[in-house]
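Survey of secondary and tertiary structure
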Amino acid sequence: MADLSSSNRNSREDWRPEAPIALAPINVWPLHISNITKWFFGFPGFLWPYNAFWLAVTISTWSYLTPELTTMANLELWWIGIILARNAALILILFGGLHLYLYVFKRQGEAHQFTTRPFATNNRKFLFKDQVADNMARTLFSAVPIITGYEVLTYWAFANGFLGFFDLGSSQLIFWAWFLILLILAPVIHAVHFYLGHRLLHTKLLYKKVHALHHHNVEIGPWSGLAMHPVEHIIYLSTLAVQWVLAAHPVNVLFQLQLAAFYPALAHCGFEKLKIGEKLKIDGGNHFHYLHHKYFECNYGGSLAPLDKWFGTFHDGTKEADQAMKNRIKKQREALR
Ligand SMILES: [Zn+2]
Ligand SMILES: [Zn+2]
């Protein structure tokens, strides 16, 4: 697709990508094997090249930035402090780096940017009346400690033998096969957990008091990704609990947790694709979730699992999908009368 200039924008400075959002090809029947293979292994296809990058981050974190498991059997401040500091550093590098790249140094200009409206300032909805400062504070002072809390609990439980049920006897082969299967399944576990947790956050019980805070961000940037109420952090990041039951190794849990911690930076970056150099364009599900921030009542999950399609809430970014969404909401309101 050609890069877009301001001439492609409407009067509100919005830009709509030409191609509708496609669900992952595993959702299209009959299955098309060559499309699936391309999507699974192609570069920079969504699934493995993208997630292999995060897996490399996880393995490096475990190998070089995490104390020995046996030393974490007792909850002690020194090692909890190390994990807190390295999580803060990783988030600062990733979220801060992406913000600097796209919004301060503007390295890709307006190419693929959904809207050129600026982030909110002088707005009472945000801490310090400033969207970026609010988003950073909520990420660094709520998300980072909660990510760390979950991680600390995991290592402590593994070191004490309370987790890691699936060591699968004495067979090394079965152990490592299970370890690999769980790594491959992690993005799918994330997609399903995110959809379910997000639907819960949109119920009357939780929307106003908890999730509305994340939706104050109508224009979104990398720091908006984890700008949430602490209760939402606890719910959203609890995806690692699936691995508490299944995991062969602490790396399985760490990968699941880091996917949840790191995906939102790109998914909220405000650009359809991240351009690095002239050729590399990375799509981290950005348009899909951007539409959720724009319209609220669609795209609760991601494009990997077909849950939005099954439950009738999928919006592919086209004008036809706008109309279908409006009709659906009208029907729901009429049914409530
Ligand atoms: Zn969001
Ligand atoms: Zn939402």
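This text follows the structure it describes.
This report concerns the structure included in the present document. (Residues numbered from 1 in each chain as written. Chains lettered and ligands numbered in written order. Predicted model: local features only at pLDDT ≥ 70, side-chain atom pairs only at ≥ 80, totals over all residues. Heavy atoms only, no water.)

**Topic: the overall build of the chain**
Heads up, the condition is: Helix numbers and strand numbers start at the N terminus; a helix is a DSSP run of H or I with at least 4 residues, a strand a run of E with at least 2. Radius of gyration: C-alpha atoms only; globule rule: 2.2 Å multiplied by the number of residues to the exponent 0.38. Exposure categories follow from relative accessible area, calculated using a 1.4 Å probe and restricted to protein chains: below 20% of the type maximum is buried, above 50% is exposed, and the middle band is partly exposed. The charge count includes Lys and Arg as positive and Asp and Glu as negative, but it does not include His or the ends of the chains. One atom stands in for each charge, and that atom is NZ of Lys, CZ of Arg, CG of Asp or CD of Glu.
When helices and strands are counted, the chain shows twelve helices and two strands. Since a compact globule built from 337 residues should have a radius of gyration of about 20 Å, the 21 Å found for the chain is in line with a globular shape. On the principal axes, the C-alpha backbone points of the chain span a range of 60 × 50 × 50 Å. Taken across its 337 residues, the chain has 51% of its residues classed as buried. Within the chain, one finds 29 positive and 22 negative side-chain charges whose respective centroids are separated by 8 Å.

**Some points on the side chain of E151**
Cut-off, in case you're wondering: Distance and chemistry together define a polar contact, namely a pair of N or O atoms within 3.5 Å, with one atom able to donate a hydrogen and the other to accept it when in protein, and with adjacent residues in sequence counting only for side-chain atoms on both sides. Contact between two residues is taken to exist if any of their heavy atoms lie within 4.5 Å; hydrogens are not considered.
With respect to the helices and strands, the residue E151 is situated in helix 4 (residues 131-159). In terms of polar contacts, E151 uses its side chain to reach the side chain of N87, at 3.1 Å. The residues touching E151, leaving out its near neighbours within four places in the chain, are I83, R86, N87, L254 and L257.

**Section: the coordination of the zinc ion (ligand 2)**
What counts, and what does not: Donor criterion used throughout: N, O or S atom within 2.8 Å of the metal, extended to 3.2 Å for Na, K and Ca. Water excluded; incomplete-looking sites may result.
Every protein donor of the zinc ion (ligand 2) is accounted for by H198 (NE2), H202 (NE2), H211 (NE2), H215 (NE2) and H292 (NE2), and the metal-donor separations fall at 2.1 to 2.2 Å. Under the relative-accessibility criterion, H198 is labelled buried at 3%.

**Things to note about the layout of surface pockets**
Heads up, the rule is: Lining residues are those with an atom within 4 Å of a point, where the points come from a 1 Å grid over the protein atoms alone and group into cavities, where a 1.4 Å probe fits but cannot get out, or pockets, open sets with protein on both sides within 12 Å along at least five of seven lines. Grid points are joined across faces, edges and corners, and a volume is the space filled by probe spheres set on the points.
Roughly 600 Å³ of volume is contained in the second largest pocket. Residue lining of the second largest pocket: 16 residues in total, with H202, E297, Y300, Q332 and L336 positioned closest to the centre. Elements represented by at least two residues in the lining of the second largest pocket include exactly helix 6 (204-215) and helix 12 (319-336). Considering each element in turn, the lining of the second largest pocket owes the most residues, five residues, to helix 12.

**With respect to the coordination of the zinc ion (ligand 1)**
Put simply, the rule is: A four-donor site is classed as tetrahedral when every donor-metal-donor angle falls between 85 and 135 degrees; four donors are called square planar, and six octahedral, when trans pairs exceed 155 degrees and all remaining angles lie between 65 and 115, with any other arrangement labelled irregular.
With distances of 2.0 to 2.1 Å, the protein atoms coordinating the zinc ion (ligand 1) are H214 (NE2), H268 (NE2), H289 (NE2) and H293 (NE2). One can describe the site at the zinc ion (ligand 1) as irregular: its four donor atoms subtend angles covering 92 to 157° at the metal. Counting the intervening residues between successive donors of the zinc ion (ligand 1) yields the motif H-x53-H-x20-H-x3-H. Taken together, the residues H268 in the loop between helix 9 (250-267) and strand 1 (274-276) and H289 in helix 10 (residues 286-295) connect sequence positions 21 residues apart.

**With respect to a nonpolar patch on the surface**
Condition: Residues forming no salt bridge and having over 30% relative accessible area are the ones grouped into patches, like charges within 9 Å of each other and nonpolar side chains (Val, Leu, Ile, Met, Phe, Trp, Tyr) within 5 Å. Per-residue and other accessible areas were derived by the Shrake-Rupley procedure at a 1.4 Å probe size, with only the shown protein chains allowed to occlude residues. Only one rule defines a salt bridge in this text: a Lys or Arg side-chain nitrogen within 4 Å of an Asp or Glu carboxyl oxygen.
Taken together, the side chains of I181, L185, V188, V192 and L196 make up a nonpolar region of the molecular surface, amounting to roughly 380 Å² of accessible area. On the secondary structure map, I181 appears in helix 5 (residues 172-201). I181 sits in the partly exposed class, given a relative accessible area of 41%.

**Considerations on the nonpolar core**
The condition that has to hold: We call a set of buried residues a nonpolar core when its members are Ala, Val, Leu, Ile, Met, Phe, Trp, Tyr or Cys and they connect through side-chain atoms within 4.5 Å of each other.
Counting residues in hydrophobic clusters, the biggest one holds 58 residues, and the most contacted among them are W54, I91, L226, L237, F255 and F262. Those elements that provide at least two residues to this core are helix 2 (48-64), helix 3 (77-104), helix 4, helix 5, helix 7 (230-237) and helix 9. When neighbours within four sequence positions are excluded, L237 is seen to be in contact with A143, I146, I147, Y150, E232, L257, A260 and A261. The next biggest cluster of nonpolar side chains, apart from the first, holds eleven residues, and it includes I21, F114, L291 and I329.

**Some remarks on the environment of W310**
In this fold, W310 is placed in helix 11 (residues 307-310). Sequence separation between W310 and F119 is 191 residues, and the spatial gap between their C-alpha atoms is 34 Å.

**Observations regarding empty space enclosed by the protein**
Gaps left between atoms are located by rolling a probe of water-molecule size over the structure's atoms. Formally: Ten residue types, Ala, Val, Leu, Ile, Met, Phe, Trp, Tyr, Cys and Pro, are classed as nonpolar, four, Asp, Glu, Lys and Arg, as charged, and the remainder, Gly among them, as polar.
What the rule picks out here adds up to two cavities of 30 Å³ or more. The calculated volume of the second largest cavity comes to roughly 50 Å³. With five residues, helix 9 is the largest single contributor of residues to the lining of the second largest cavity. Looking at the lining of the second largest cavity residue by residue, the classes come out as seven nonpolar, two polar and one charged.

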